[in-house]
There are 2 protein chains.
Amino acid sequence: MSSAAIKPIEQEDHYVTRLTDGESWVERKDPVVWSEWRPGAPLATDQVEKFQRDGFLILEKIFLPGEIDALVEESARLRSDSTKLSQESLVTEPDTNDVRTIFDLDLQSEVFSRLAEDVRIAEPVRFLLDDEIYVHQSRLNYKPGLTGKEFYWHSDFETWHAEDGMPRMRAISASVLLTDNDALNGPLMLMPGSQNTFVSCAGKTPEDNHKSSLKKQEVGVPSAETLSKMAQKHGIEYAAGKKGTVILFDCNTMHGSNGNITPFPRSNAFFVYNAWSNQLEAPFGAEKPRPNFLARRQPKQPLTLREGHIE
Amino acid sequence: MSSAAIKPIEQEDHYVTRLTDGESWVERKDPVVWSEWRPGAPLATDQVEKFQRDGFLILEKIFLPGEIDALVEESARLRSDSTKLSQESLVTEPDTNDVRTIFDLDLQSEVFSRLAEDVRIAEPVRFLLDDEIYVHQSRLNYKPGLTGKEFYWHSDFETWHAEDGMPRMRAISASVLLTDNDALNGPLMLMPGSQNTFVSCAGKTPEDNHKSSLKKQEVGVPSAETLSKMAQKHGIEYAAGKKGTVILFDCNTMHGSNGNITPFPRSNAFFVYNAWSNQLEAPFGAEKPRPNFLARRQPKQPLTLREGHIE
């Protein structure tokens with residue numbers, strides 16, 4: 001067991017989960033938006049209000065066409081020559097060895113490192129979290145057409161808290177679409193307002209849970225009854241858009257995606273930004289922490305934001 | 001082998017399929033709309049043009065709320081007490097015995113028999129086919145939320161021709177929505193215009209293919225390359241609507257549906273109307289015909305259409 005996993009006796013747990021005695025709903029104990037709006041803020045007031053209310057926000061047309069082309073090209077390059085990448089960071093198809101996911105994306109690609117630091121994404125996130133930020137997890141996702149599988153409903157924070165030791169709800173994900181995404185090719189679906197309820201999930205975390213949970217999550221999944229109630233209460237929206245669209249969503253927003261039998265693939269670059277003050281502790285609901293490519297520990301310094309064109 | 005399966009030597013096959021030497025595209029040899037429009041026709045000219053062009057047509061608000069309630073209630077009644085139904089006609093969940101599909105719907109329910117004969121559905125179909133009609137197949141479908149599986153792309157006619165011996169493209173399906181259906185809970189997706197191309201599929205039909213193909217079709221499925229090309233050419237549309245909406249689609253329109261992780265179930269009543277002159281012969285691509293609950297043989301008389309309220 002690594003030193004990061006030694007849980008201090010006094011470690012306070014605001015979001016207890018993975019208990020064996022059943023599921024419960026807990027009210028969120030942290031703000032969704034941590035800053036007060038001010039003139040010159042990187043988001044308009046209605047954008048901040050939308051994020052506060054719904055737990056997600058879509059940013060459209062923030063990149064130039066040439067920048068989007070550069071990102072798409074870099075993603076094709078990485079997927080076509082994965083031998084130079086850390087093998088631990090890859091998820092491949094068992095049959096064909098086709099690359100489906102590349103973790104540690106910003107650590108393995110100059111272009112995507114540049115994207116992670118881009119003011120057009122990272123500045124709004126830093127504002128919403130009212131803190132310096134660092135990359136907690138990053139990945140490139142590629143789902144083929146015709147056979148794309150569904151991703152079931154979950155709150156990311158539940159896993160990050162239980163298995164990674166993220167103490168508070170003070171992290172935001174940014175999904176940068178690298179293909180056009182509409183209602184039919186399995187877009188990200190979210191329950192607006194669900195970020196305000198923490199679903200404490202039933203069931204003890206199995207050892208090395210991440211080895212199977214990256215394919216199909218079994219623990220940390222809300223019950224059918226809870227999902228039906230939440231969907232009745234909040235409704236379901238989907239985040240679609242042209243390639244280059246960016247979706248920001250809170251770490252506790254309930255989300256998932258349907259499978260995709262259309263021939264149109266889906267790809268995105270995904271960055272999780274965590275507040276500097278919210279660095280990982282020992283896991284709150286697992287014996288040992290997940291590996292670094294899934295949950296970065298002891299970041300050296302906060303992200304330095306960069307302006308200008310991505311090339 | 002039943003007498004229906006003895007294939008006369010002179011039997012002409014306009015849509016050869018299930019060959020072992022690969023897939024091919026064949027131009028449709030039959031009209032999509034068989035009638036000339038005339039004043040007093042049961043569809044407007046733009047509706048007829050839409051069906052001719054796209055191979056499907058959506059009819060909204062043709063039933064009164066009370067009629068829709070009656071259909072929904074009858075469907076719940078059938079599913080909750082399936083012991084009185086023909087056991088052959090049922091598809092149930094292996095784990096729970098929950099009823100997912102009831103075939104021969106119009107033969108086992110007065111209310112749905114009445115629906116099949118309703119002028120608001122059957123009259124437009126009879127007009128488009130320019131012939132008397134009978135029910136080739138009928139069923140009630142129920143897909144639960146959260147776990148609804150996808151239904152892969154296919155042309156119904158390919159199977160009905162190969163496995164049932166339907167000679168020509170002169171049949172229309174009517175799907176009557178019994179739940180609200182939107183883009184996210186796995187609606188029917190169709191490729192508009194695809195009805196004009198017959199995809200002759202590769203592979204010999206296995207014996208008793210329908211026993212597995214009702215769950216997952218393996219033979220009679222177009223290749224990934226063909227589906228990608230057709231989707232590029234035709235695009236993909238989806239047929240959504242409030243409960244009570246009716247979707248008419250041609251027997252050769254390429255269609256499918258995504259899985260459904262939303263908690264909202266999908267249910268519909270489904271009637272396939274075949275032209276009286278297009279009755280089944282020996283199968284064109286299988287050793288013996290499928291059972292009667294999947295493909296009715298020797299209908300006694302054409303459908304008698306009925307007016308008035310459904311109760």
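Residues numbered from 1 in each chain as written. Chains lettered and ligands numbered in written order. Predicted model: local features only at pLDDT ≥ 70, side-chain atom pairs only at ≥ 80, totals over all residues. Heavy atoms only, no water.

The name recorded for chain A in an unreviewed UniProt entry is Ectoine hydroxylase, from Maritalea mobilis. We quote the UniProt Cofactor (unreviewed entry) comment for chain A here in full: "Fe(2+)". Its UniProt record gives chain A the following Catalytic activity (unreviewed entry) comment, quoted word for word: "L-ectoine + 2-oxoglutarate + O2 = 5-hydroxyectoine + succinate + CO2". (UniProt positions renumbered as here; feature names shortened; annotations may be inferred.)

When you look at the overall build of chain A in this model, what are you seeing that I'm missing?
A count of helical and extended segments in chain A gives eight helices and 13 strands. Against the compact-globule benchmark of 19 Å for 311 residues, chain A has a radius of gyration of 18 Å, which places it among compact chains. Taking the principal axes of its C-alpha atoms as reference, chain A extends roughly 55 × 50 × 40 Å. Here chain A holds 311 residues, and the buried ones make up 59% of them. In chain A, the proportion of contacts linking residues at least 24 apart, taken out of those at least 6 apart, comes to 86%. Summed over all atoms, the accessible surface of chain A reaches about 13700 Å², with 49% contributed by carbon and sulfur. (Helix = DSSP H or I, 4+ residues; strand = E, 2+ residues; numbered from the N terminus. Rg over C-alpha atoms; globule rule 2.2 N^0.38 Å. Buried < 20%, exposed > 50% of the residue type's maximum accessible area, 1.4 Å probe, protein only. Contact = heavy atoms within 4.5 Å. Areas by Shrake-Rupley, 256 points an atom, 1.4 Å probe, with all protein chains shown as cover.)

Would you mind showing me how to read the confidence of the model for chain A here?
Reading fine detail from the predicted coordinates is not recommended where pLDDT is low. On average, residues of chain A carry a pLDDT of 93, and 96% of them reach 70 or more. Prediction confidence for the complex, expressed as pTM and ipTM, is 0.89 and 0.84 respectively. (pLDDT = per-residue confidence, 0-100.)

So what exactly am I meant to see when it comes to the packing of aromatic side chains here?
As enumerated under the stated definition, the model contains 14 aromatic pairs over all chains in all. Between the aromatic rings of B:Y134 and B:W276, the centroid separation amounts to 5.8 Å while the plane-to-plane angle is 90°, which identifies the pairing as edge-to-face. Here B:W276 lies in the segment after β13 (266-275) and B:Y134 lies in strand β5 (residues 133-143), a separation of 142 residues in the sequence. The class for B:Y134 is buried, based on a relative accessible area of 2%. Taking relative accessible area as the criterion, B:W276 reaches 24% and is therefore assigned partly exposed. In this arrangement the basic side chain of A:R139 is found over the ring face of A:F270, its NZ or CZ atom lying 4.2 Å from the centre. (Phe/Tyr/Trp six-rings, centres within 6.5 Å; stacked < 30°, edge-to-face > 60°. Lys NZ or Arg CZ within 6 Å of the ring centre and 35° of its normal.)

Can you walk me through unusual backbone geometry in this structure?
When glycine is set aside, most residues are seen to have a negative phi, and most peptide bonds are trans. Positive phi, close to 55°, is recorded for A:K61, a residue that is not glycine. Mapped onto the elements of the fold, A:K61 is located in the loop between β2 (56-59) and α2 (65-80). We classify A:K61 as exposed; its relative accessible area is 82%. Even without a glycine there, the phi angle at B:D208 is positive, about 50°. Inspection of the secondary structure assignment puts B:D208 in the loop between β9 (197-200) and α7 (210-213). Relative accessible area serves as the criterion here: at 30%, B:D208 is assigned to the partly exposed category.

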